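Chain and residue survey
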Amino acid sequence: MSVNSVPTNLISATIEKESFYHGLMPREDVRLILDKNGQFLVRMSEPKHGEPRSYILSVLYNNKLDDFNAVKHFVINCQQKKYFINTNVSFQTIQDMIAYYQKGNIEIQDGCKLVASVSRQFWELDHEMITIQAKLGEGAFGEVAAGTMNFKRRGKTVKVAVKQAKAEKLDKEQIKCFMAEARTMRKLGHQNVVKFYGVAVMQEPLYLVMELVSNGALDSYLKKNEDLSMEKRVEMLLQVAWGLEYIHGKPMLHRDIAARNCLYGDGKVKISDFGLTRNGTFYQVKPNTKAPIRWLAVETIKTMICSQKTDIWSYGILCWEVFNNGAEPYPGMTPADVAQQVSSGYRMPPHSLAPFEVQTLTTRCCAENPNDRPTAPEVAQILQRVTGVHRPNFSAIAKKEAEELLLMNTATMKNYSHRRKGTQRKPCVPKGM
Ligand SMILES: Nc1ncnc2c1ncn2[C@@H]1O[C@H](COP(=O)(O)OP(=O)(O)OP(=O)(O)O)[C@@H](O)[C@H]1O
């Protein structure tokens, strides 16, 4: 947190050094990392419009079957440089307060007690690990920049892309969206999905850190490389199909498949931009939500319903983009024209130079009836056959990458040593992966 943005009566100079302090982590993430009754952490509340921030003590209490409400969030008050939750007893520091309740086995409220603190997870990065370099683009939350991340443990440096969010410029809802995107990315590991390294939420701006994909957004790459062969284009589509097959297998809906949301580098296309992604296989969009009309399936335009088959429709539009050098779909039409034309049955014709099977596939992806559209595995199978490209062992590749990442990350190892004092350090995949 930038010190200026925290109410001056509340600044705790030492709390950031504590492994149980998790910065601006929202309550949705807290629920995922506390799993035993009495486990706790301290965090900073996101500001609601105009409200001051405060430290929060979050404790898992009376947990039954992953009940979201099982976490109690106690506001840590501060008056005259003394911290307190209950007015009858106050402390010089938050650490003193925690020691009082934990070591004394004293109930905070309604039977809630502190048993064990939970340290920062391996995906909670330190800002010091990251060096920001050139600007890559502008995102919904702020700038996206290229940079490097230094894993202290192995001295290894990797190139990264960093989405930055200035919490003082964002409202509570936007911070929630930023962290929700990170939460989604944490669950994914596939060669055709952009790799997630973690979030840095101890200071502002908040960072979402992912691998740097060398050629950037696929739409720009296609615009700059009009001489790409048809074979190469079909191979790119196969890679997106592999990524989408993986996402649907979770199961999740991406809800924003488009060339602008794919990245291209080192011969691989990677699906990116998980801001609209939802868990499950079905999602009803709330009324008056902004939507990428040119990529929307006919039933989404009419009823705002999203399913795996609406992702497949968007994939069909992506096929059009890939064969048309990243041009904007439905050229010459306004978004209102697109909605009206698509609802009346109009479809863009597939590119005449694309292989015949791919033309048929593209048409099927945008079939009126969602049941007539192929599934992502079916798309992948067809394109594997057309290209003759063999299917890699995705889970073995992802497992190896996840293990390498865990070994490199200092924060992770700090966590293990904290939790497994006196025992041999062994990497394992923590919760939330
Ligand atoms: N991992 C990455 N590697 C290389 N370039 C990237 C990466 N992520 C993003 N970029 C670049 O930054 C630009 C903006 O990123 P992005 O579109 O993901 O931001 P965003 O916040 O998701 O925006 P929006 O939600 O409005 O699409 C992209 O168009 C791309 O050029």
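Residues numbered from 1 in each chain as written. Predicted model: local features only at pLDDT ≥ 70, side-chain atom pairs only at ≥ 80, totals over all residues. Heavy atoms only, no water.

Identification of the chain as Tyrosine-protein kinase from Caenorhabditis briggsae is taken from an unreviewed UniProt entry. Comment text from UniProt for the chain, heading Catalytic activity (unreviewed entry), reads "L-tyrosyl-[protein] + ATP = O-phospho-L-tyrosyl-[protein] + ADP + H(+)". The UniProt entry for the chain carries the following comment under Sequence similarities (unreviewed entry): "Belongs to the protein kinase superfamily. Tyr protein kinase family." (UniProt positions renumbered as here; feature names shortened; annotations may be inferred.)

With that settled, consider the UniProt feature "binding site: ATP" (unreviewed entry) in the chain. UniProt's entry tags Lys 163 with the feature "binding site: ATP" (unreviewed entry), counted in the numbering of this structure. Assessed through its relative accessible area of 15%, Lys 163 is described here as buried. Contacts of Lys 163, omitting those with residues within four sequence positions, involve Glu 143, Val 144, Phe 178, Glu 181, Leu 206, Tyr 207, Leu 208, Met 210 and Asp 273. (Buried < 20%, exposed > 50% of the residue type's maximum accessible area, 1.4 Å probe, protein only. Contact = heavy atoms within 4.5 Å.)

A few words now on the domain arrangement of the chain. When the parts of a complex come together, some accessible area is lost, and that lost area is often used as the size of the interface. According to the domain assignment, the chain consists of domain 1 (8-117), domain 2 (127-213 + 397-414) and domain 3 (218-387). Of note, the centres of domain 2 and domain 3, computed from C-alpha atoms alone, are 26 Å apart. Counting from both sides, the interface comprises 14 residues of domain 2 and, opposite them, 20 residues of domain 3. In total, about 1,500 Å² of surface goes out of reach between domain 2 and domain 3, with carbon and sulfur atoms giving 62% of it. Three residues stand out in domain 2 for area buried against domain 3, namely Gln 191, Asn 192 and Val 213, and they jointly supply 36% of the buried area on that side. For the interface between domain 2 and domain 3, the tally reads 2 salt bridges. The partner of Glu 211 in a salt bridge is Lys 270, and the shortest N-O contact between them spans 3.3 Å. Taken together, the connections running from domain 2 to domain 3 amount to 8 residue pairs in polar contact (both at pLDDT 80 or more). Among the elements that line the side of domain 2 that touches domain 3, the one with the most residues is helix 3 (residues 172-186), at 3 residues. Tallied by class, the residues present in the side of domain 2 that touches domain 3 amount to 5 nonpolar, 5 polar and 4 charged. (Domains from an automatic or database assignment. Buried area = accessible area lost by both parts, 1.4 Å probe. Salt bridge = Lys/Arg side-chain N within 4 Å of Asp/Glu carboxyl O. Polar contact = N/O pair within 3.5 Å; in protein donor to acceptor, adjacent residues only side chain to side chain. Helix = DSSP H or I, 4+ residues; strand = E, 2+ residues; numbered from the N terminus. Nonpolar A, V, L, I, M, F, W, Y, C, P; charged D, E, K, R; others polar.)

What follows deals with helix 9 (residues 356-365). Taken as a whole, helix 9 has its buried residues at Val 358, Gln 359, Leu 361, Thr 362 and Cys 365. Projected onto a plane normal to the axis of helix 9, the buried residues spread over an arc of 160 degrees and lie on a single side. Turning to helix 9, the residues buried within the fold contact helix 5 (230-249), helix 7 (308-323) and helix 10 (376-387). (Arc of directions from axis to C-beta.)

With that out of the way, let us pick up the pairing of strand 6 (residues 130-138). Where strand 6 and strand 7 (residues 143-151) come together, 6 bridges link them in antiparallel fashion. By the bridge assignment, Glu 138 is partnered in strand 7 with Glu 143. Taking the residues that link successive antiparallel strands as the turn, the strand 6-strand 7 hairpin has 4 residues, and the phi of Gly 142 there is positive, at about 150 degrees. (Pairing = 2+ DSSP bridges.)

Under the criterion given, the structure shown has 21 salt bridges. With its nearest N and O atoms 3.6 Å apart, the salt bridge here joins Glu 401 to Lys 195. Within this pair, whereas Glu 401 is found in helix 11 (residues 394-408), its partner Lys 195 is found in the loop between helix 3 and strand 9 (196-200), the two being separated by 206 residues in sequence. Residue Lys 195 is classed as partly exposed on the basis of its relative accessible area, which comes to 25%. One salt bridge in this structure joins Arg 364 and Glu 378, with 2.9 Å as the shortest N-O distance. Highlighted residues: Arg 364 in helix 9 and Glu 378 in helix 10, separated in sequence by 14 residues.

Strands sit in the order 6-7-8-10-9 across an open sheet of 5 strands; the sheet is antiparallel. Either end of the sheet is taken by a strand with one partner, and the two such strands are strand 6 and strand 9. Neighbour-to-neighbour, the strand axes of this sheet turn through a mean angle of 30 degrees, independent of strand direction. Sheet topology places strand 8 (residues 156-165) next to strand 10 (residues 206-211); 6 bridges connect them, and they run antiparallel. When the sheet's bridge partners are listed, Ala 161 is paired in strand 10 with Met 210. Relative to strand 10, helix 3 is tilted by about 30 degrees, and along the sheet it contacts strand 8, strand 9 and strand 10. (Axes fitted to C-alpha atoms, helices over the stretch in contact; angles between N-to-C directions.)

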